[in-house]
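Chain and residue survey
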Amino acid sequence: MQQTNKKFHSIILVCLSLAIALGLAEGLLRIKNRSMINYDIEMWRYGKELKIRRSEPMLDFDHVKSKSAILQNVEIRLNEHGLRGGPLSQLPPGGRRILFLGASITFGWGVPEQDTVEAKLETALSAIDKQPVQVLNAGVGNYNTERYVSRFFDELTDLRPTDIVVHYCLRDAEDLPAGGGNFLLRHSQLAVILWGVYHRLFDKTGEQSMVQYYRDVYQPEAPGMLKMKEKLKQLSEYAKANNIRIYLAMTPISYNLVDYKFGFVHDIMKQVSAEYGYTYCDQLSTMKGVPPKDIWAMPTDPHPNALGHQLMAEAILPMLSQSGDASINK
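Residues numbered from 1 in each chain as written. Predicted model: local features only at pLDDT ≥ 70, side-chain atom pairs only at ≥ 80, totals over all residues. Heavy atoms only, no water.

In the annotation of an unreviewed UniProt entry, the entry for the chain reads GDSL-type esterase/lipase family protein, and the organism field reads Methylomonas rivi.

1. A closer look at the overall build of the chain
So the rule is basically this: For helices the rule is a DSSP run of H or I covering at least 4 residues; for strands it is a run of E covering at least 2, with both sets numbered from the N terminus onward. Relative accessibility decides the category of a residue: with a 1.4 Å probe and only protein chains considered, values under 20% of the type maximum give buried, values over 50% give exposed, and everything between is partly exposed. The contact rule is simple, with two residues in contact once any of their heavy atoms fall within 4.5 Å.
Within the chain one finds 13 helices and eleven strands. The burial tally for the chain puts 48% of its 330 residues in the buried class. Across the chain, contacts joining residues at least 24 apart in sequence account for 74% of those joining residues at least 6 apart.

2. A few points about the sheet that holds strand β6 (residues 133-137)
Two strands in a sheet stick together by hydrogen bonds in their backbones, pointing the same way (parallel) or opposite ways (antiparallel). Here is the rule: Here, any two strands with at least 2 DSSP bridges between them count as paired. Axis definition: a line fit to C-alpha positions, over the contact stretch in the case of helices; interaxial angles, taken between N-to-C directions, run 0 to 180 degrees.
Overall, parallel pairing links the five strands, which are arranged β6-β5-β7-β8-β9 in an open sheet. In the strand order of this sheet, the two ends are held by β6 and β9 (279-282), each with one partner. The mean angle between the axes of side-by-side strands here comes to 20°, regardless of whether they run parallel or antiparallel. Note that strand β8 (residues 245-251) and β9 share four bridges and pair parallel. Bridged to L248 within β9 is Y280. Packing of helix α4 (residues 117-129) onto the sheet brings it into contact with β5 (96-101), β6 and β7 (163-169), and relative to β6 it is tilted by some 170°.

3. So, the packing of helix α5 (residues 145-156) against helix α9 (residues 223-241)
Formally: Throughout this description, any angle smaller than 35 degrees is read as roughly parallel, any larger than 145 degrees as roughly antiparallel, any in the 65 to 115 degree range as roughly perpendicular, and the remainder as oblique. For a crossing to be left-handed, the near helix must be turned anticlockwise from the far one by less than a right angle; the clockwise case is right-handed. In this classification, the charged set is Asp, Glu, Lys and Arg, the nonpolar set is Ala, Val, Leu, Ile, Met, Phe, Trp, Tyr, Cys and Pro, and all remaining amino acids, among them Gly, are polar.
Two elements in contact, α5 and α9, have axes separated by 8 Å at closest approach and are oriented at 30°. What the angle tells us is that α5 and α9 run roughly parallel. Two packed elements cross with a definite hand, and for α5 against α9 that hand is left-handed. Listed contacts from α9 to T145, E146, V149, S150, F152 and F153 of α5 are K227, M228, K231, L232, Q234, L235 and Y238. Of the residues belonging to the contact of α5 with α9, the class tally is seven nonpolar, three polar and three charged.

What follows is the structure, encoded as structure tokens:
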């Protein structure tokens, strides 16, 4: 009996020591990560502070309405519609309301609001078209085509856009499962860091592995590919029925823009755009050849920075301009 008690006390002592050690590690990490330079932690904070769970599997989560946060040292404002930016003003008669749908690149992760592709285009188009122009940012981090088109139909049709731009990137055809089920990942920065280290150690890495991964994603019968095409077709039919101009702007992945190896995805999306009646433009035209150090939001974050958003705006502006006199003021 005495021996059993000793073992029990030893187990309790080990558990308490482990709990204290983990608690200290969690506390030290939270102090360290106040610098906002850890990409994984800032994305985790984005999910906790500016997102809300949704019961619909195809949406999974959504933006919180009318809230703001400082993430990766950038102020992020969400308005009453969950769009990035300030409160939405009424569109004057004869004006254009251009709605951008997309994921974290569209959202402008790591980029000040005034430097996003939407803000750049709103300024340029207002000067060119000589009419009121609103360019709205409906990007949501970790969305794909199924999610951002579903969100449009669920809650954004009342915005009555005159134009819709699908700001498409390679990940948008991935079949994304619903997340948020892991208690530790939802509440612990230490768990997030360890999860990231695990994936960096054991996931297949390298550009060639990524190329093969996306070749699989874009196979004609791949689940995500089928869902992406179904949603783009649905959005196109809605736009045609409601006299909305519709576009697809293809965004390159920024890991290696010097020797770019994902042109096959661009070719596929150009064909999809033609099939469903989207006006197509390819942002690779202005971004190709730019080294990662010049275009990444920070060394561990491949989202395009302010320069990347300027280059994207330069590629998209001629497509949206009604006068043909298209340039971005740098």
